[in-house]
Amino acid sequence: MKPVLLAALASALLPVYAQQGPSDPQIAAIVVTANQVDIDAGKLAKSKSKNKEVDQFAQQMITDHGAVNKQAVALVTKLKVKPEASETSNSLKKGGEENIAKLKKLKGADFDKAYVDHEVDYHQAVLDAIDKTLIPSARNADLKELIVKVRPAIATHLDHAKHLQASLGK
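Quick notes on the rules
Residues numbered from 1 in each chain as written. Predicted model: local features only at pLDDT ≥ 70, side-chain atom pairs only at ≥ 80, totals over all residues. Heavy atoms only, no water. Helix = DSSP H or I, 4+ residues; strand = E, 2+ residues; numbered from the N terminus. Buried < 20%, exposed > 50% of the residue type's maximum accessible area, 1.4 Å probe, protein only. Contact = heavy atoms within 4.5 Å. Areas by Shrake-Rupley, 256 points an atom, 1.4 Å probe, with all protein chains shown as cover. Salt bridge = Lys/Arg side-chain N within 4 Å of Asp/Glu carboxyl O. Expected span 1.5 Å × (residues − 1). pLDDT = per-residue confidence, 0-100. Core = buried A, V, L, I, M, F, W, Y, C linked by side-chain atoms within 4.5 Å. Axes fitted to C-alpha atoms, helices over the stretch in contact; angles between N-to-C directions. Parallel < 35°, antiparallel > 145°, perpendicular 65-115°, else oblique. Left-handed = near helix turned anticlockwise from the far one by under 90°. Nonpolar A, V, L, I, M, F, W, Y, C, P; charged D, E, K, R; others polar.

1. Comments concerning the overall build of the protein chain
No. 1: On a plain count of helices and strands, the protein chain comes out with 6 helices and 0 strands.
No. 2: Taken from the N to the C terminus, the helices and strands of the protein chain come in the order α-α-α-α-α-α.
No. 3: Relative to its full complement of 170 residues, the protein chain shows a buried share of 48%.
No. 4: Within the protein chain, contacts between residues at least 6 apart in sequence are counted, and of these 84% link residues at least 24 apart.
No. 5: For the protein chain, the exposed area adds up to about 8700 Å²; of that, 56% sits on carbon and sulfur atoms.

Structure, rendered in structure tokens:
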């Protein structure tokens, strides 16, 4: 079962921008929103999970995605670009809120599995969006460089989440 957030990312980001691509202010808002969604899910996991590996992964998501958001905010401030909400950033935010609401109803191993399954799907969707939409559409060289720079971390998060997912399945 794919989470609503994954569907929102795929349906809102890829087709809408296939022709023209998002603007740099929209990309900035998408980057910040996507990171905040993962930070919020990580904070919830830190408060609910009793699994040491899930807790460590959640802390890594909070730390890493928080650092990316700080870099993104610093960049848009330097460039005097105001992040601009779009259908994609609004869908990401809504999907993140729906995921949190779903996760709040779960406990124990069910929570851990749902959280980690979502992290696998979410990081895959973010990687696809980075490769197919955000990097090709970014016009500002500094913004594009930031996205290219954080891509390997997102790929590492996906690999880590998949490993964690496999270990929870045992």
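Okay, back to it.
2. Brief notes about the environment of F57
No. 1: Tracing the backbone shows F57 in helix α3 (residues 52–79).
No. 2: A relative accessible area of 0% places F57 in the buried class.
No. 3: In sequence terms F57 and K46 are 11 residues apart; their C-alpha atoms lie 9.0 Å from each other.
No. 4: Here F57 is in contact with Y115, E119, H157, H160, A161 and L164, once residues within four sequence places are set aside.

3. Observations regarding the pattern of salt bridges
No. 1: On inspection of all chains with the given rule, the structure shows 5 salt bridges.
No. 2: One salt bridge in this structure joins D55 and K46, with 3.2 Å as the shortest N-O distance.
No. 3: We note a salt bridge from D142 to K78, for which the minimum N-O separation is 3.5 Å. With D142 in helix α6 (residues 141–168) and K78 in helix α3, this pair connects stretches of sequence that are 64 residues apart.
No. 4: We classify D142 as partly exposed; its relative accessible area is 29%.

4. Describing helix α4 (residues 87–104)
No. 1: Counted at 1.5 Å a residue, the expected span for α4 with its 18 residues is 26 Å, and the 26 Å between its end C-alpha atoms agrees.
No. 2: Those residues of α4 lying buried are T88, S89, S91, L92, G95, G96, N99, I100 and L103.

5. Section: the confidence of the model for the protein chain
No. 1: For the protein chain, the average pLDDT comes to 88, and 88% of its residues sit at 70 or higher.
No. 2: Considering only residues more than four positions removed or in separate chains, one finds that residues 14–18, a stretch of pLDDT under 50, has 14 contacts.

6. Observations concerning the nonpolar core
Grouped burial of nonpolar side chains is what soluble globular proteins tend to show.
No. 1: Membership of the largest hydrophobic core comes to 39 residues, with the highest contact counts inside it found for I27, Y115, I130 and I147.
No. 2: Residue assignment for this core shows that the elements contributing at least two residues are α2 (24–48), α3, α4, α5 (108–137) and α6.
No. 3: By residue number, the principal contributor to this core is α5, which donates 11 residues.
No. 4: Excluding its chain neighbours within four sequence positions, the residues that come into contact with Y115 are A41, G42, A45, V54, F57, A58, M61 and L103.

7. Things to note about the packing of α2 against α5
Geometry of a packed helix pair, given as the angle between the helix axes and the separation of the axes.
No. 1: The geometry of α2 relative to α5 is characterised by a closest axis approach of 12 Å and an angle of 165° between their N-to-C directions. The angle between the axes of α2 and α5 places the two elements in the roughly antiparallel class. Read as a crossing pair, α2 and α5 show a hand that is left-handed. The segment α2 lies against α5, with D24, I27, I30, A34, V37, D38, A41, G42, L44, A45 and K48 engaging F111, Y115, E119, Y122, H123, L134 and S137.
No. 2: Residues belonging to the contact of α2 with α5 are distributed by class as follows: 11 nonpolar, 3 polar and 4 charged.

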